[in-house]
Each structure stands twice: as structure tokens, then as C-alpha cells.
Amino acid sequence: MKTETETSAKTVQPAGQDEHRGIMFEIKADELPLEPVDTFSDAPFEFEEAAQILWEGTRKLYYSSRIANRFSDHYLNCCAQLEKNIRQLGSFCITKTVLEQKGEQLPALSGLNIEELVRMVSFHLRKTNAAFEGIYRDNNSLGLTYLDWEYRWVNLGNRLKATEVKIQKIKDGKINADDLLERAETFKNKPRSSATPHEDILRDLETNPKALPIKGSMARLLTRMEKSEEHLEALERRIRQKKEREIARLEREAERCSPIKPYPIRKEDRAIVANIRKEQLQKTLEEEDRKKEPPEGMIRAAEARRILMEDAMKRGDQAAALAIPMEDHETFLARWMEYLKKDEIKSRGPSDAKRKELREKRKKKKR
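From a predicted model like this one, the values you see are computed outputs, not experimental measurements. (Residues numbered from 1 in each chain as written. Predicted model: local features only at pLDDT ≥ 70, side-chain atom pairs only at ≥ 80, totals over all residues. Heavy atoms only, no water.)

(A) Inspection of the overall build of the protein chain at higher detail. Across its full length, the protein chain holds 12 helices and 0 strands. Taken from N to C terminus, the helices and strands of the protein chain fall in the order α-α-α-α-α-α-α-α-α-α-α-α. For the protein chain, long-range pairs separated by at least 24 residues make up 70% of all intrachain contacts whose partners lie at least 6 apart in sequence. By element, 52% of the accessible surface of the protein chain is carried by carbon and sulfur atoms, the whole surface being about 28100 Å². (Helix = DSSP H or I, 4+ residues; strand = E, 2+ residues; numbered from the N terminus. Contact = heavy atoms within 4.5 Å. Areas by Shrake-Rupley, 256 points an atom, 1.4 Å probe, with all protein chains shown as cover.)

The structure is reproduced here in C-alpha cells:
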């Protein structure tokens, strides 16, 4: 928790510097320090001081309204406040004229006059008209808000022109301005406790193009900003958690699935693949047979296949000779058993030469 001294160091400048300072936005609303009780003078303000404060504030507002986008809420907010300010400053121009007629010198208000106020009104009359026409032509809509502002600026301009006529009559002595003078000189020459004399009153106006209008206290603005930051952080946290859950889900799904998909085999290639597998199996069996000594009275499978192949070649059965090396163990065993039976039958009967002799005899008898 920051101490009051650390917090104050963020916002309060050393004594003797200009008291017109802003707030650093990184500070929290509940950490705003208390201000010294004697920071400002409580002496009754006079006309020149009040008019100067309002005139400079209005000039800053006018600058901001000039650069604001005509279609933005910021611009319309500026217009609403600027209209009120210009109307009030118009009455200040009358009081200024009366005081000057009585010999008062008001150098801080040298730029405040009806012509400057009319120029402000004229600028925004044209700007709101441009906004109205733009919406009408490009968006097929009637910008009633801007149309209303056109009328308001014209009415305010006519009121200012009437005020200028009244000021000219005061200067010509056609209007008695004593009542206005008495009100303006109320509290005049009272003590100016803790008042700081103005230096360089006619200095150039300092402008800040990034300044936006706010309503309400600065603390309320800070509170809204804090809530917005908290909401943004919570939103980012939820998005981050959702991403983490999605990544975990994808990882689990990847673990369940084979990383390599089997290559699709055409039907005509399946026989080739089967033959390759048979060859691999045959080689494996032959290697196992070579490693083992066959029992007495038995031969190796490879030797048996060779015998069967030779027998098939003798009989002229080329298809059998080609099929025997590729046959699985069960098919080969069945073929071998059939060969053994035939061989046993041959061994029991007459020899081949005897059979030939018997066939020749049967042929002669038939003749």
C-alpha cells in the first residue's frame, strides 16, 4: 500500500509552481491526495478576472471544436457548451464597453469583442451545414440534429449582432449604463488575499489538440477508467483460459489419432501387396527352418517346396511351379501331404517300365 507521501508525489508539484496541474492517469481514484486548504484565494472575483477565465476557457473549447470531426459525439458536445459560453460572453462585452467608457483599462480582455464571437458562430454555422449536407447526399438521411444546430447558430449570431448595436449606442451615449457599471464594480478594490499577479497577460494561447471534454469529477472519470481496465483484464483472462482449454482439447484429440494416415491402396494393387507379404513370411519361415535341425525322418520346408516344384516341372504344371514358393504354410502342407500320398501309391504299384509293358500288351490284344 503506497503511503500518502508517495501518492502525493505523483500529483502535487513543489510549492511555488503553477497550481493549474492535471492528474496522472495511472493513479487510482481512492489514492487522490487532499489539497492544502490555502491553495487558492477566496477574495471576491472582479469582472476582468472572471471574464478572462471564461474567455480563455472558451477559446480552448473553440479550438477543440474546430478540429473535432463534424460527425462525432465529441463535436456535438463541444457545440452545446460553446453556445452557452458565447451567449454569456456576449453580455460580458456590454459590461466591458461600459467600464472602458468610464476609463477602466482591461488589457486581459483586449481580444474579447462581439466580432470574435460572431466569427466563432459563423465557423460552426458552416461546419454544421456541411455535416447536414454530407449526411443528406452520401447517406440518404436527414441530419435533424445538424439542421437544429444551423438554426441555433443563426439565432445566436443575430443576438450577438443586436448586442453589437447596443454597444454602439452605449459608446454614443444613447443608453445609460450606470446600472451595469454598479454591478460590474461590486467588491471592487477589496483585498486580494493570496492573489498571484498576472504576468505576460497577452501570452499566446496554449492549446492541446488531444484534450477531450469530460463531465463530472475527475475522480469519477478515474473510477470509470479503473472499471474499464478491470473489465478488460477479466476479458483477456477469459480469452486466455479459453485458448488454453482449446489447446488442451486439441492435444488430447491428437494423442487419440494416429499422426500418419494410411495411404489408400487401389484394388489392383492389393494382390501385389499380398504377394510381398507372403514373400516376407516365406523368408521368415525359411530362416527359422535353417536355424533348426529337422527331426530324423523329416526334411525342411524349403527342401519340400523344392521337391514339389521339381515334380510340377516334370508334370509340365508351370502354374503350380510358380505358385508353390508363394503359398502359405497351410496350403503348402496340404499340397505336400497330397504329394506324399501319390508317391506312396506309386511305390506300392508296378514300376513305370512294367506299366508301359502292360499297356503295350493290352493294345495288342485289342487288335
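Continuing now.
(B) Highlighting a nonpolar patch on the surface. Taken together, the side chains of Y136, L142 and L144 make up a nonpolar region of the molecular surface, amounting to roughly 340 Å² of accessible area. Structurally, L142 can be placed in the loop between α4 (114-138) and α5 (144-171). Since its relative accessible area comes to 53%, L142 is described here as exposed. (Patch = residues over 30% accessible without salt bridge, like charges linked within 9 Å, V, L, I, M, F, W, Y side chains within 5 Å. Salt bridge = Lys/Arg side-chain N within 4 Å of Asp/Glu carboxyl O. Buried < 20%, exposed > 50% of the residue type's maximum accessible area, 1.4 Å probe, protein only.)

(C) Here's a closer look at the nonpolar core. Formed by 35 residues in total, the largest nonpolar core has its most connected members in F47, I86, L112, I114, L117, W153 and L160. Those elements giving two or more residues to this core turn out to be α2 (47-67), α3 (73-101), α4 and α5. When residues of this core are assigned to their parent elements, the largest contribution, 11 residues, is made by α3. Residues in contact with L117, not counting those within four places in the same chain, are W55, I86, L89, G90, C93 and L160. Counting residues in hydrophobic clusters, the runner-up holds 5 residues, among them A304, L308, I324 and W336. (Core = buried A, V, L, I, M, F, W, Y, C linked by side-chain atoms within 4.5 Å.)

(D) Representation of the packing of α2 against α4 in the model. Two numbers describe how α2 lies on α4: the axes approach to 11 Å, and their chain directions differ by 20°. Relative to α4, α2 is oriented roughly parallel. For the element pair α2 and α4, the recorded crossing hand is left-handed. On the side of α2, the interface is formed by W55, T58, R59, Y62, S65, R66 and I67, while α4 contributes E116, L117, R119, M120, F123, H124 and K127. Tallied by class, residues from the contact of α2 with α4 come to 6 nonpolar, 3 polar and 5 charged. (Axes fitted to C-alpha atoms, helices over the stretch in contact; angles between N-to-C directions. Parallel < 35°, antiparallel > 145°, perpendicular 65-115°, else oblique. Left-handed = near helix turned anticlockwise from the far one by under 90°. Nonpolar A, V, L, I, M, F, W, Y, C, P; charged D, E, K, R; others polar.)

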